[in-house]
Amino acid sequence: MESFKIIKEIDSLDKKNDEFNALIDRESARITKLEQMIEKRSSELKEDQTKHQESKKDLTKLENESSSIISKLELKSSQLASVFTQEQIDSLNKEIEHLTNETNELDEKVFEYMELIESLEEKINDSINFLAGSIQTKEEITQEVNEHNEQKNELIKKNNERIKSLINELPSIFREKVSSTLSKKLKGAFCATIDKDCCNWCKTTIAKVKLDEINRGDKPFSCSGCHRIILPLNAAY
Ligand SMILES: [Zn+2]
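These numbers were taken from a predicted model, which means no experiment stands behind them.

> Residue-level account of the environment of L75, with values.
Tracing the backbone through its elements, the reader meets L75 in helix α1 (residues 2-79). Between the C-alpha atom of L75 and that of I96, which follows or precedes it by 21 residues, the distance is 9.6 Å.

> Could you give me a rundown of the domain arrangement of the chain, with the residues and numbers involved?
Domains assigned within the chain are domain 1 (2-170) and domain 2 (171-237). Element by element, the count of residues in the side of domain 1 that touches domain 2 is highest for α1, at eight residues. Its residues assigned to classes, the side of domain 1 that touches domain 2 comprises five nonpolar, one polar and four charged.

> Explain the packing of α1 against helix α3 (residues 172-183) to me, using residue names and the numbers behind them.
Two numbers describe how α1 lies on α3: the axes approach to 12 Å, and their chain directions differ by 20°. By the angle class used here, α1 and α3 are roughly parallel. Crossing handedness for the pair α1 and α3: right-handed. Along its contact with α1, which presents S3, I7, I10 and D14, the element α3 presents F174, V178 and L182.

> Explain unusual backbone geometry to me, and be specific about the residues and the numbers.
Despite not being glycine, K203 has its phi angle at roughly 65°, a positive value. Mapped onto the secondary structure, K203 falls in the loop between β3 (198-199) and α4 (208-216). For K203, a count of 12 C-beta atoms within 10 Å puts it in the exposed group.

> Before we move on, can you summarise the nonpolar core with the specific residues and values?
The nonpolar side chains of a soluble globular protein tend to be buried, and buried together. If you look at the biggest cluster of nonpolar residues, it comprises 18 residues, and the most contacted ones within it are I7, C191, A192, C199, C223 and I230. Listing elements by their share of this core, those giving two or more residues are α1, α3, β1 (191-192) and β4 (229-230). Ranked by the residues each element gives to this core, the list is headed by α1, at three residues. Taken together, domain 1 (2-170) and domain 2 (171-237) each give at least three residues to this core, which thus spans both. What A192 contacts, discounting residues up to four positions off in sequence, is C199, N200, W201, C223, C226, R228 and I230.

> Go over α1, please, and point to the residues and values.
Taking 1.5 Å of rise per residue, 78 residues should cover 116 Å, and α1 covers 116 Å from first to last C-alpha, within 8% of that figure. The elements touched by buried residues of α1 are α2 (86-169), α3, β1 and β4.

Reading the values: rules and limits
- Residues numbered from 1 in each chain as written.
- Predicted model: local features only at pLDDT ≥ 70, side-chain atom pairs only at ≥ 80, totals over all residues.
- Helix = DSSP H or I, 4+ residues; strand = E, 2+ residues; numbered from the N terminus.
- Domains from an automatic or database assignment.
- Nonpolar A, V, L, I, M, F, W, Y, C, P; charged D, E, K, R; others polar.
- Axes fitted to C-alpha atoms, helices over the stretch in contact; angles between N-to-C directions.
- Parallel < 35°, antiparallel > 145°, perpendicular 65-115°, else oblique.
- Left-handed = near helix turned anticlockwise from the far one by under 90°.
- Contact = placed C-beta atoms within 7 Å.
- Buried ≥ 20, exposed ≤ 12 C-beta atoms within 10 Å, placed from the backbone.
- Core = buried A, V, L, I, M, F, W, Y, C linked by C-beta atoms within 7 Å.
- Expected span 1.5 Å × (residues − 1).

Here it is as structure tokens:
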């Protein structure tokens, strides 16, 4: 039964290592989450910057168009003074009316573009500030996480050394079984207990003959379902 005491100690060290690894993963996930957020915002910023450039080009085009129509309008208005027939006056007035409508439409478009550009500029500035803050936060968190993980890895290393020396204390028949079961990296624990003639982990029924052998405790036995080492009843608690 002495061997099972050692096996239980190994099991509890192995469980602790699982907990440490889970903590390491959870901490590392904080960085991943931040990185994803930064990446998303960076690509939004890029899109907005492209849109901003394009809108500015479009605005310049509209403004040029508008000023050329205004020149035409001024020309037509000045021509009004030098025509005499009603027909000529009517035709010029028609053209002036048409050009005035065009300028009004263009002005509306120019206004829309100016608003769009302004809102894009606001968004771009927000993103730049957000990213600057996030990148600094990421640096701080990365340092925090690295320190935390280094500490936990150190503890895992110590536990592994202890596990190794405990394995060496075991009789060879147990040593091999423990080593090979540990290397399977079973989730939660590498030992199981007997619960109503079944494995407490996977509920596989254990045959009566095997139960007797397990409870004698001279040899280690594995569960045929989950491959965990089954602890004899009097060593389980
Ligand atoms: Zn099992």
